[in-house]
Amino acid sequence: MAEEKFEFTSKAKKTLSILAIVGIVLFGLGTYFASTADHSEEGGHAEEMHDGAIMSDGNDGAHVTEDADQDHFEGAEHTEAGHGGEHAGNPSWLKRIYANLWINNMYFVGLALLGVFFVAIQYVTQAGWSAALIRIPMSFGNWLPIGLILTLAIFFFGGHDIFHWTHDYLYDVNDPEYDSIIAGKQGYLNTPFFVARMVVYFVVWFLMFRWIRKKSLEEDLNGGESYFFKLRGISAGFIVFFAVTSSTSAWDWVLSIDTHWFSTMFGWYVFASWWVTALAAITLITVILKENGYLKIVNTGVLHDLGKFVFAFSIFWTYIWFSQFMLIYYSNIPEETVYFIERLSSDHYSIVFFVNLILNFFFPFLVFMPRDSKRHTVFLKIVTIIVLIGHWFDFYLMVTPGVMKENGGFGLLEIGMAIVFGVAFLFVALTGLSKYPLVAKNHPMIKEAEHHHVF
Amino acid sequence: MESGKNFIVGIFDDESVLLSAVKKVRGSDVKIHECYTPYPVHGLDDELGYKRSRISIAAFMFGITGTCLAFLMMIYMMGIDWPMIIGGKDHIAIPSFVPVGFEVTVLLSALGMVGTFFVISNLKPYGKPRIYDIRSTDDKHVMAIDLAKNSKSSDELNAILKDSGAVEINEKKF
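What you see is a predicted model; the values in this text were computed from it and never measured.

Where do I start with the overall build of chain B in this structure?
Across its full length, chain B holds five helices and four strands. For chain B, the sequential pattern of α-helices and β-strands runs β-α-β-α-α-α-β-α-β. Its C-alpha atoms give chain B a radius of gyration of 25 Å, more than 25% over the compact-globule value 16 Å for 174 residues. Taking the principal axes of its C-alpha atoms as reference, chain B extends roughly 80 × 35 × 30 Å. Counting over 174 residues, chain B shows a buried share of 18%.

In structure tokens:
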């Protein structure tokens, strides 16, 4: 078999650069609009606060017992008012940028991580069908070191805006803003441990990824089955580590934004969202490469299976989504329902809430249900792009309401930044992909992949 | 079955002979009624020119019927016939109907598919299955040709089957 290598042409690079510039311009415009809107609304803010005061006055009389609870939930807002002078609370547009950085960062770190997870799953299950395209998800892992730098940087610059629990006064019994609930979580949620965990996750993920890639490339040169079994072992180790850290990282990076709230489904929820995103990205890149004359070895049966994967895990995501929503809805415990009330009572978020469901469940479910749509590249491209956009909104909905409260927005700023991140990710992944052969030609099951047949 | 259908039944020893025989027989303008094999033969469907089964469409229809019936049932019971407040929710609380709706969808879809399969396979109670040759459940591959659907005479068909490698040719009447 002739060695096939992906060439990251200067034309492709140029297209991506133009896209990046468009993204930066949109982002700049969005930031400008957001900051000017901020200034002109300064008067409006005062009014809003006044309204809030009136409302809580009304509550005071009616529900004396609930008031304590209410205070906890509104702790964040009180804090901003109380410590506004002390911390020089960042303006709304800057918070919005931090929130968006965090959304995109989480989204693409997940994409990189779940790409490696896909590779590991294929080796552990000794899957033959995917042998020819295994290098595509493998190239996602190249983003992990950049992900670590970005995560650390955003945390150090915007940590106080994104994570309410990072404020020291919450843990000081003598401070009027002392929060006994958050203080109770201090054993786990404190900055040194948080950063240490973050670094450990990334370093281990990255080293495991490097190890897998090294063995896979050695297999290209030398052949033989020993590499396959070695890779299976490493992958099993990775999956064990991933099983724990995918949940804990989801708690750390996403769940802790809404510090008071908790959900035992959350680790799975973030995993499901990441996993569908990664599957959609793998499918989309495979289809596009195939259309550009690469990966002749990948036949329609393999594309069909990738389509089935996206279809199945879109349903899995919905199942997790519903399990989380339904139990909270049904048990109706204030500590838990506050999360959904925050998202459903706001006009802005409630639209995103339903858009999220439509893009990530109804659309892929109905379009991918017939067999033929999973075998045609046009449908594969449309659905995977929609799913990729949909899961960005999923992360938007997880992060923004916690950071921005009811002031979240969606506009050029969000679109521009997502484009910039997407281009950067593609640049890193495709550069990685172009460095080694596109097809793992000595993979022991490459023949099986070549003749993969799906009914 | 009093219709008195006549079939020419070719018996084959080997699946590869059967596959090439199917190609040959169809090539000489003969309509094959059906092939019976002791185990699934890879590629036989393609050689026989079968279109993909439409059972998935039936499954979807049964499924969506199940969804509608389940929601109608719950809305009628919980909202109209005997309204009850459960957990402080509305009488018609759609989110809490979803699990039941899902289960009924799966149930009707599965039962409907099995039922459809039984009907199209003629597997009904007291139905008499057509057995072209009992050995097709053991070690022989069987090809059945409906005489009425072919213009060729039984002698011609015999010759074609013999030519394509049948070890035995019988006539069967139902």
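Would you mind showing me how to read the interface of chain B and chain A here?
Many authors give the size of an interface as the accessible area that is lost as the parts come together. Facing five residues of chain B, the contacting portion of chain A comprises five residues. The residue inventory of the side of chain B that touches chain A, partitioned by class, reads two nonpolar, three polar and no charged.

Explain the domain arrangement of chain B to me, please; I cannot follow it from the model alone.
By domain assignment, chain B separates into domain 1 (6-51 + 128-173) and domain 2 (55-120). Computed over C-alpha atoms, the centres of domain 1 of chain B and domain 2 of chain B are 44 Å apart.

Help me understand the nonpolar core, please; the structure alone is not making it clear to me.
Burial of nonpolar side chains together is a common tendency in soluble globular proteins. Formed by 118 residues in total, the largest nonpolar core has its most connected members in A:Val116, A:Val310 and A:Val399. Among the elements that take part in this core, helix 6 (residues 92-124) of chain A stands out by supplying 20 residues, more than any other. Discounting chain neighbours no more than four positions away, the residues touching A:Val310 are A:Val276, A:Leu279, A:Ala280, A:Thr283, A:Pro364, A:Phe368, A:Val383, A:Thr384 and A:Val387. Membership of the second largest hydrophobic core comes to 19 residues, among which are B:Ile8, B:Leu157, B:Leu161 and B:Ala166.

Which parts of the structure should I look at to understand unusual backbone geometry?
Across residues other than glycine, the phi torsion is negative in most instances, and most of the peptide bonds are trans. Residues and elements named next belong to chain A. At Asn-332, a residue that is not glycine, the phi angle is positive and equals roughly 60°. Counting through the fold element by element, Asn-332 comes out in the loop between helix 13 (300-331) and helix 14 (334-344). A positive phi angle, near 55°, is found at Lys-405, a position not held by glycine. The exposure class of Lys-405 is partly exposed, given the 16 C-beta atoms found within 10 Å.

Looking at this structure, I do not really get helix 8 (residues 143-162) of chain A. What am I missing?
Note that an α-helix has 3.6 residues per turn; residues three or four places apart therefore point the same way. Residues and elements named next belong to chain A. With 20 residues, helix 8 ought to run about 28 Å at 1.5 Å a step, yet its terminal C-alpha atoms sit only 23 Å apart, falling short of that. The principal kink in helix 8, of about 55°, is found at Phe-156. If you check which residues of helix 8 are buried, you get Trp-143, Leu-144, Gly-147, Thr-151, Ile-154, Phe-155, Asp-161 and Ile-162. In this structure, the buried residues of helix 8 make contact with helix 6, helix 7 (135-140), helix 10 (191-222), helix 16 (377-404) and helix 17 (412-435).

Quick question: what am I supposed to make of the sheet that holds strand 1 (residues 6-12) of chain B here?
All names here are of chain B. Reading across the sheet, the four strands line up as 2-3-1-4 and stay open at both edges, with antiparallel pairing between neighbours. The open sheet is flanked by strand 2 (34-36) and strand 4 (168-173), the only strands paired with a single partner. Averaged over all pairs of adjacent strands, the angle between their axes in this sheet comes to 25°, without regard to strand direction. Relative to strand 3 (residues 141-146), strand 1 runs antiparallel, the two being bridged by six bridges. Residue pairing for strand 3: Phe-7 is matched across the bridge by Asp-146. Relative to strand 3, helix 1 (residues 15-27) is tilted by about 20°, and along the sheet it contacts strand 1, strand 2 and strand 3. Running at roughly 15° to strand 1, helix 5 (residues 154-163) makes contact with strand 1, strand 3 and strand 4 of the sheet.

Can you help me understand the packing of helix 13 of chain A against helix 15 (residues 347-367) of chain A in this one?
Packed helices, taken two at a time, are described by the angle their axes make and the gap between the axes. Residues and elements named next belong to chain A. Helix 15 packs onto helix 13 with a crossing angle of 145° between their chain directions and a minimal axis gap of 9 Å. Both helix 13 and helix 15 take part in a crossing whose hand is left-handed. Taking contact as the criterion, the partners of Val-310, Phe-311, Ser-314, Ile-315, Trp-317 and Thr-318 in helix 13 are, on helix 15, Asn-360, Phe-361, Pro-364 and Phe-365.

Is there a simple way to explain the UniProt feature "transmembrane region" (unreviewed entry) in chain B in this structure?
Under the local residue numbering, the UniProt record ascribes the feature "transmembrane region" (unreviewed entry) to residues 57-77 and 97-120 of chain B. Span residues 57-77 of chain B is 100% helix and 0% strand, its end C-alpha atoms 30 Å apart.

Parameters at a glance
- Residues numbered from 1 in each chain as written.
- Chains lettered and ligands numbered in written order.
- Predicted model: local features only at pLDDT ≥ 70, side-chain atom pairs only at ≥ 80, totals over all residues.
- Helix = DSSP H or I, 4+ residues; strand = E, 2+ residues; numbered from the N terminus.
- Rg over C-alpha atoms; globule rule 2.2 N^0.38 Å.
- Buried ≥ 20, exposed ≤ 12 C-beta atoms within 10 Å, placed from the backbone.
- Contact = placed C-beta atoms within 7 Å.
- Nonpolar A, V, L, I, M, F, W, Y, C, P; charged D, E, K, R; others polar.
- Domains from an automatic or database assignment.
- Core = buried A, V, L, I, M, F, W, Y, C linked by C-beta atoms within 7 Å.
- Expected span 1.5 Å × (residues − 1).
- Bend = angle between axes of the 7 residues up to and from the residue.
- Pairing = 2+ DSSP bridges.
- Axes fitted to C-alpha atoms, helices over the stretch in contact; angles between N-to-C directions.
- Left-handed = near helix turned anticlockwise from the far one by under 90°.
- UniProt positions renumbered as here; feature names shortened; annotations may be inferred.

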